[in-house]
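# Structural characterization, general
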Amino acid sequence: MEDPLFRRIREHAKKRLEPARAENRAQLTQPFKEFLRLENKMLRRYHRKGDSGLRVAQARAIVMDVLIENLFASALAQYSKIQPKAPCKVAILALGGYGRAELSPFSDVDLMFLFPNRVRSKHLPVFQQTLADTMLYILWDLKFKVGHSTRSIRESIEEARKSMETKNALLEARRVVGSRKLYRDFRHAYGSYCQRDAPQEYIKNRLNGQEERRKRYGNTVYLQEPDIKNGVGGLRDYQNILWMARIKLDLKSIEELKEGEYLNRTEYRELTAAYEFLLWVRTELHIQSRRATDVLNLEKQPLVAWRLGYRTRDILKRVEVFMRDYYTHARNIDRVAENLEQRLALLNNRRSLRDVIQSRRYRRRRRFDGFVLSGNQITFEREDVFAEDPDRLIRIFRHCQQYRADLEFELASLIRGAKLTLAHNLTDSASANRSFRSILQSVGEVYPALNRMHEQGVLENFMPEFASLTCLVQHEYYHRYTADIHTLHALRELDVVFTSNDRLQEKYSRALHETDNPSLLYLILLLHDIGKGISIQNHPNLGAEISEKVLERMQVEPTLRGKILFIIKNHLEMARFWQHHDIDDPNAIRSFAGLVGNEDNLRLLYVHTFCDVRATASGLWNDYKDMLHTRLFENTRQQLAGREQLDLSESASKITTSKEFARSQLPDISEEEIEAHCNLLPERYLIHNSPEDIALHLRMVHELLTHISEADSLGSLAPTVEWKDDLSLSLSVVTIVTWDRSGLFYKLAGALSVVGLSIVSSKALSRADHITIDTFYVCEVGGGAIQDKSALATFRKFLEEALVHDMDLMPHILAQAKRHQRPAYLRDELSTRPPFPPCVDVYHELSLDRTIIEVQTTDRVGLLYHLSRAIFDHGFDITFARIATERGIAIDTFYIEKINRTEGSDSKELLSLREKLTVIVSEDATRQARLTG
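Residues numbered from 1 in each chain as written. Predicted model: local features only at pLDDT ≥ 70, side-chain atom pairs only at ≥ 80, totals over all residues. Heavy atoms only, no water.

## Focus: unusual backbone geometry
Of note in the backbone geometry, Cys471 takes a positive phi value of approximately 65 degrees without being a glycine. Of the residues examined, Cys471 reaches a relative accessible area of 3% and is grouped as buried. In this structure, His770 takes a positive phi of about 70 degrees despite not being glycine. Mapping His770 onto the fold places it in the loop between β11 (758-766) and β12 (771-779). (Buried < 20%, exposed > 50% of the residue type's maximum accessible area, 1.4 Å probe, protein only. Helix = DSSP H or I, 4+ residues; strand = E, 2+ residues; numbered from the N terminus.)

## Here we look at the packing of helix α20 (residues 446-455) against helix α23 (residues 483-499)
Contact pair α20 / α23: the axes reach a minimum separation of 8 Å and the direction vectors enclose 160 degrees. It follows that α20 is roughly antiparallel to α23 by the angle criterion. Here α20 runs over α23; the crossing is left-handed. Only Asp484, Ile485, Leu488, His489, Leu491, Arg492 and Asp495 of α23 make contact with α20, whose side of the interface consists of Val446, Tyr447, Pro448, Leu450, Asn451 and His454. For the contact of α20 with α23, the residue count by class is 7 nonpolar, 3 polar and 3 charged. (Axes fitted to C-alpha atoms, helices over the stretch in contact; angles between N-to-C directions. Parallel < 35°, antiparallel > 145°, perpendicular 65-115°, else oblique. Left-handed = near helix turned anticlockwise from the far one by under 90°. Contact = heavy atoms within 4.5 Å. Nonpolar A, V, L, I, M, F, W, Y, C, P; charged D, E, K, R; others polar.)

## Focus on the packing of helix α36 (residues 744-755) against helix α37 (residues 791-804)
Running from N to C, α36 and α37 point in directions that differ by 145 degrees, and their axes come no closer than 9 Å. Along this stretch, α36 crosses α37, giving a crossing that reads as right-handed. Judged by residue contacts, Leu744, Lys747, Leu748, Ala751, Leu752, Val754 and Val755 of α36 engage Ala791, Thr794, Phe795, Phe798, Leu799, Ala802 and Leu803 from α37.

## Some points on the confidence of the model for the protein chain
Across the protein chain, the average pLDDT comes to 85, with 89% of residues at or above 70. Least confident of the elements in the protein chain is helix α39 (residues 824-829), whose mean pLDDT is 39; most confident is helix α25 (residues 520-527), at 96. Per-residue pLDDT stays below 50 along residues 822-835; that stretch engages in 32 contacts with residues further than four places along the chain or on separate chains. Throughout residues 925-933 the model reports pLDDT below 50, and contacts reaching past four residues in sequence, or to other chains, amount to 14 contacts. (pLDDT = per-residue confidence, 0-100.)

## What to know about the nonpolar core
Ranked by internal contacts, the top residues of the largest apolar core, which has 170 residues, are Phe186, Leu257, Phe322, Phe386, Phe436, Leu494 and Val607. Other than its neighbours up to four places away in sequence, Phe386 contacts Phe371, Arg392, Leu393, Ile396, Leu411, Leu414, Ile415, Ala418 and Leu422. (Core = buried A, V, L, I, M, F, W, Y, C linked by side-chain atoms within 4.5 Å.)

## So, the sheet that holds strand β8 (residues 406-407)
For sheets, the rule is that strands pair by backbone hydrogen bonds, running either parallel or antiparallel. Here we have 4 strands laid out as an open sheet, ordered β5-β6-β7-β8, and mixed in their pairing. The two strands at the open ends of the sheet, each matched to only one other strand, are β5 (366-368) and β8. With 2 bridges joining them, strand β7 (residues 377-380) and β8 adopt parallel strand pairing. Paired with Gln377 across the two strands is Asp406, which belongs to β8. (Pairing = 2+ DSSP bridges.)

## A short note on the environment of Leu131
Mapped onto the elements of the fold, Leu131 is located in helix α5 (residues 124-141). Here Leu131 falls in the buried class, since its relative accessible area comes to 1%. C-alpha separation for the pair Leu131 and Leu76, spaced 55 residues apart in sequence, amounts to 7.4 Å. Not counting chain neighbours up to four residues away, the residues in contact with Leu131 comprise Phe72, Ala75, Leu76, Val90, Phe113, Phe115 and Leu136.

## A word on helix α9 (residues 199-216)
In this model α9 runs 25 Å from its N-terminal to its C-terminal C-alpha over 18 residues, within 8% of the 26 Å that 1.5 Å per residue would give. For α9, the set of buried residues is Tyr202, Ile203, Arg206, Gln210, Arg213 and Arg214. All buried residues of α9 fall inside an arc of 100 degrees around its axis, so they share one side. Set apart from the buried face of α9 by more than 90 degrees, the exposed residues are Glu212, Lys215 and Arg216. Just past α9, the residue Gly218 takes up positive phi, approximately 90 degrees. (Expected span 1.5 Å × (residues − 1). Arc of directions from axis to C-beta.)

## Looking at helix α2 (residues 25-48)
Taking 1.5 Å per residue, 24 residues should reach 34 Å; α2 reaches 34 Å between its end C-alpha atoms and fits that length. For α2, every residue scored as buried is listed here: Leu28, Thr29, Pro31, Phe32, Phe35, Leu36, Glu39, Met42, Leu43, Tyr46 and His47. Residues of α2 that are buried in the fold lie against α1 (4-16), α3 (53-80), α5 and α12 (265-289). Just downstream of α2 lies Gly50, where phi reads positive at about 95 degrees.

## Quick notes on the packing of aromatic side chains
Scanning the model with the defined rule gives 28 aromatic pairs in all. On the numbers, 5.8 Å between centres and 65 degrees between planes, the contact of Phe277 with Trp280 is edge-to-face. Of this pair, Phe277 and Trp280 both sit in helix α12, 3 residues apart, roughly one helical turn. Overall, the relative accessible area of 9% leaves Phe277 in the buried class. Trp280 sits in the buried class, given a relative accessible area of 15%. Judged by centre distance (6.2 Å) and plane angle (70 degrees), the rings of Trp723 and Phe795 are edge-to-face. (Phe/Tyr/Trp six-rings, centres within 6.5 Å; stacked < 30°, edge-to-face > 60°.)

## Thoughts on the pairing of strand β10 (residues 731-739)
Burial within β10 is extensive, with 8 of its 9 residues counted as buried. Pairing geometry for β10 and β12, over 8 bridges, is antiparallel. Along β12, the bridge assignment pairs Ile736 with Asp774.

Next comes the structure, spelled out in structure tokens:
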């Protein structure tokens with residue numbers, strides 16, 4: 001109460017809540033509402049001017065205390081009308097965050113009505129009911145989310161035995177109002193129980209719980225959309241320290257941990273500053289969301305940053321600076337919490353930390369290079385170990401890698417103290433660079449060593465180029481992590497390639513072992529995004545320029561440098577190729593083979609792309625992408641080996657097998673029709689399609705031709721449709737056979753949009769007789785094969801209407817989009833989208849002799865229909881489309897050609913088309929820019 005803000009709140013309450021003892025609930029509620037409105041307005045003002053996050057959270061808890069005190073008094077007054085005297089003592093306790101006296105704007109309010117163990121009065125139930133009704137109903141009327149329980153002291157302890165969550169909540173129990181003696185009795189009884197109830201087991205369970213929670217929330221501080229409360233380095237990590245300290249040491253605050261030398265001054269300063277920052281951010285996030293939320297998502301980051309004083313007009317720069325600060329503070333909490341957890345876990349019978357460290361010195365087993373290996377941890381012999389030989393600051397991580405050991409927490413503290421003065425000076429040390437290269441050459445074991453270097457802050461000090469990636473937010477569609485963590489995760493994926501027996505990784509391992517130097521890929525992956533520190537755009541070329549100096553400093557053999565720089569400069573090309581091009585087109589394969597140059601480059605690029613994409617976000621890689629990626633690899637390898645396609649004997653064998661399979665599966669189809677089908681399609685169709693697919697296409701073409709012969713001219717336009725689920729791809733495959741015609745693609749896409757499906761990819765084949773075979777890979781909006789089996793009938797209906805009767809599908813698509821729209825209350829909460837600008841690119845690819853359109857934008861129902869119809873309306877046909885839709889982002893590629901080829905230059909039409917497509921993908925851009933500041 002020494003804080004002037006806290007005194008001010010209580011003074012306001014005395015003036016404004018005097019009328020609170022009213023005759024009915026409505027009269028009672030109104031003064032509270034007005035008091036809350038004014039106090040919340042005042043606290044928002046304090047918050048916005050940059051006041052301490054902890055101070056504002058504590059002030060909000062005092063506002064709640066005042067409400068509870070007045071409601072309690074009103075409840076007693078109500079009961080006095082029934083009985084002159086209360087049947088027993090009672091105390092109202094705050095639990096959880098409210099118990100810590102820390103409330104964010106929309107935090108839950110957890111209360112416990114505490115009663116003595118034995119109350120014999122027959123009036124007790126009425127008394128309890130009066131308290132609950134008077135207090136809880138008013139709090140609910142005031143829109144608080146209230147958790148409440150009614151317990152005796154004994155019942156509280158019994159509940160704590162059953163639930164770790166309850167045990168932790170009761171550790172933070174704080175008396176708000178009521179009997180002080182009853183509360184003291186509770187504290188004494190509960191404290192005795194905690195000391196008796198296996199404190200060492202509690203610590204073990206808490207550590208296990210921490211590990212499980214951290215895994216559940218991404219196991220890293222550096223998520224693109226972190227959870228402020230439960231994520232790694234979040235508020236829960238800080239609070240867990242206090243729970244453990246309360247049980248193990250009976251210490252109640254971070255200040256007491258510092259005074260007991262369980263925290264040094266630097267750790268204390270970093271921890272308290274980080275906790276206040278996170279509370280500050282959480283307050284603003286609640287205000288912007290108008291509800292209790294802890295996920296700092298992409299939509300909210302620009303506005304939260306702006307309100308907190310990060311006033312750069314460039315949204316991307318604003319978010320980058322703000323999130324760097326967030327990651328820095330969260331990393332401090334994570335690191336200090338982990339060290340302190342280890343220290344508390346080691347303590348036994350409340351011995352001092354100094355005694356524990358000293359006792360561990362007697363368990364030394366192996367001395368080397370100034371260090372000591374004890375069990376699975378390495379510590380130091382003398383505190384001047386790094387001053388004596390600075391190169392040890394790099395070698396220690398090589399030792400950890402070799403012995404598969406971890407850093408003892410005192411050694412970790414010593415490293416963090418030495419890194420700033422020593423690590424940067426080692427950048428040009430030949431010995432240190434040799435140690436670092438040896439770490440990168442230990443296949444299957446690189447990620448743990450480099451991750452440890454990064455956690456201790458040594459990696460960015462030793463390699464200044466990497467420092468620019470640390471905490472760097474990536475404003476790209478798919479990246480879930482910051483640039484530094486993405487790079488480390490890519491190294492982890494390569495470790496898995498080398499060590500896993502999984503069939504998926506095995507083919508990448510085999511390809512890598514066919515290269516001249518398999519471990520070289522570790523160095524390439526470490527450097528592949530180094531250019532992002534300067535600019536996300538053009539970062540491959542920038543990265544190659546930066547890496548050239550790094551390779552020289554590391555004394556990498558000159559014969560290897562060209563290969564490393566080539567992969568860095570072109571590390572996006574393989575994914576770009578199979579995302580945007582027809583990988584069964586010989587011209588495309590020749591073009592890509594010309595880019596990679598030789599098989600060694602191809603193998604490195606193949607495995608690099610696999611690791612790079614898998615490190616971007618969990619679940620981003622799937623069987624479908626793996627199929628495209630591997631097919632491009634195999635086709636290009638054959639091209640580089642001097643074969644444009646399978647050699648003649650292999651090709652002839654595959655064609656014969658496909659024809660024989662078709663004959664066996666389709667006995668009603670004549671030999672002439674089978675031969676005609678094969679002759680009306682290019683030979684690569686028979687090579688790159690399975691016998692099962694070829695038989696399916698034959699059957700569907702036969703059905704179409706039969707239908708034509710039996711139906712009138714209008715009915716003959718009706719398509720043949722086949723729909724099947726592919727559970728291995730987690731998709732549904734829709735195949736349509738019909739007459740080719742202008743605008744066919746947009747009508748097919750429109751019919752699928754009417755059903756409300758997401759189009760993942762598509763491919764089209766045209767026979768020489770103008771029968772077209774279109775295949776669409778589709779899924780539900782949330783992912784997965786189609787569950788609603790009525791969707792096929794609906795699709796058939798609208799497709800026939802569009803093809804036969806030229807129905808305009810737009811109104812039906814808009815109706816479908818409306819059904820998928822968020823409810824109004826959610827749209828208000830999430831009013832902004834990620835700050836990713838949409839783009840349209842139209843160009844002529846000389847090597848492929850193709851005109852290509854590439855589109856990147858936020859996906860929505862009917863987007864593909866809008867785009868493809870605009871292409872048709874401008875006089876162009878789509879001859880090939882590659883559709884990719886993930887995490888709400890559409891990345892689509894179209895090959896187009898003029899419908900009327902006799903017309904002259906199409907440059908004006910292409911310019912007009914580009915402008916129209918830009919308008920389509922930018923529909924929401926103006927509104928979103930305004931909302932994000």
